[in-house]
Amino acid sequence: MKRIRLSDQIAEQLEAMIATQGLKAGDRLPAERPLAEQLEVSRPSLREAIQKLISKGLLVSRAGGGTYIQDLTAAGQTDPLVTLFRENPEYRFDVLEIRHAIEGNAAWYAALRATDEDKALIRERFEAMIAEHGSEDPMDEARADAAFHLSIVEASHNLVSLHIMRNLFELLQNSISHNLDKLYTQARVFDPLSQQHRELMEAVIAGEPERARQAAEQHLAFVEDSLKSIDADEARKVRSLRHLSR
């Protein structure tokens, strides 16, 4: 059986810490001494692990000292999925399919595993999302919406799901922002969306996994159906304008 090097184990610990503590691109890692104490490892082993993550492009050392989470955009490593979505907004339905797969499952486990702290954060992010409705900058509402959904995934305490969702966070924001232009500006759609978000929150807080899973999936199905309905309405308007211009 192949023995796993200590530095590889520490590198995995660091990746888990970055995911679970919500560290973002540009954030600085703690100084070497306290970080080694936190992970209960030697400083030389920690340095080797950090170097491995630098080689993978996850971390970067900057002049003047300090190790930071790598900013892929600044490094010229734009996520091809984000580029694809920006150039082809219709791929928002692909995003919704992925969200179905991840968030329904995450809602189930969140209802089983959420701590009191998790529940407080979910409620806080729900209220922040509602408060942002009608903001002058649509991205404020998009970020609040994404943060609410991410809080459910965080409460599932599934590191793989959390890691995937954090990597897709910018894509998720782009998806929600595009949807907001079409959905949240319409009262007939916004009101049901708000009720669905509330049902999802309450199901998780109440510790009812099946109810939570259904709430997540029904919410995303509603979003998809509403978008398709709006797209159909817009297509009819375009055809009507073309007919009148003849």
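Up top you'll find the structure we're talking about.
The structure contained in this document is the topic of the report that follows. (Residues numbered from 1 in each chain as written. Predicted model: local features only at pLDDT ≥ 70, side-chain atom pairs only at ≥ 80, totals over all residues. Heavy atoms only, no water.)

Regarding the pattern of salt bridges
Thinking step 1. Per the counting criterion, the structure on display carries 11 salt bridges.
Thinking step 2. Of the charged contacts in the structure, one is a salt bridge between Glu32 and Arg43, with a shortest N-O distance of 2.7 Å. On the criterion of sequence distance, the pair formed by Glu32 in helix α2 (residues 32-39) and Arg43 in helix α3 (residues 43-55) is long-range, its members being 11 residues apart.
Thinking step 3. Using a relative accessible area of 26% as the deciding quantity, one classes Glu32 as partly exposed.
Thinking step 4. For Glu202, the salt bridge goes to Arg211, with nearest N and O atoms at 3.9 Å.
Thinking step 5. On the basis of relative accessibility, which here comes to 26%, the residue Arg211 falls in the partly exposed class.
Thinking step 6. When salt bridges with common partners are traced through the structure, they connect Glu199, Glu202, Glu208 and Arg211 into a single cluster. (Salt bridge = Lys/Arg side-chain N within 4 Å of Asp/Glu carboxyl O. Helix = DSSP H or I, 4+ residues; strand = E, 2+ residues; numbered from the N terminus. Buried < 20%, exposed > 50% of the residue type's maximum accessible area, 1.4 Å probe, protein only.)

Quick look at the nonpolar core
Thinking step 1. Core analysis: the largest hydrophobic core is formed by 18 residues, its most contacted members being Ala107, Ile122, Phe148, Ile152, Leu200, Val204 and Ala212.
Thinking step 2. Of all the secondary structure elements, the ones that give two or more residues to this core are α5 (92-113), α6 (116-131), α7 (138-155), α10 (187-206) and α11 (209-245).
Thinking step 3. Each residue touching Leu200, except ones within four places of it in the same chain, is listed here: Ala107, Phe148, His149, Ile152, Ala212, Ala215 and Ala216.
Thinking step 4. Grouped together as the second largest cluster of nonpolar side chains are 16 residues, Ile10, Leu14, Ile18 and Ala49 included. (Core = buried A, V, L, I, M, F, W, Y, C linked by side-chain atoms within 4.5 Å. Contact = heavy atoms within 4.5 Å.)

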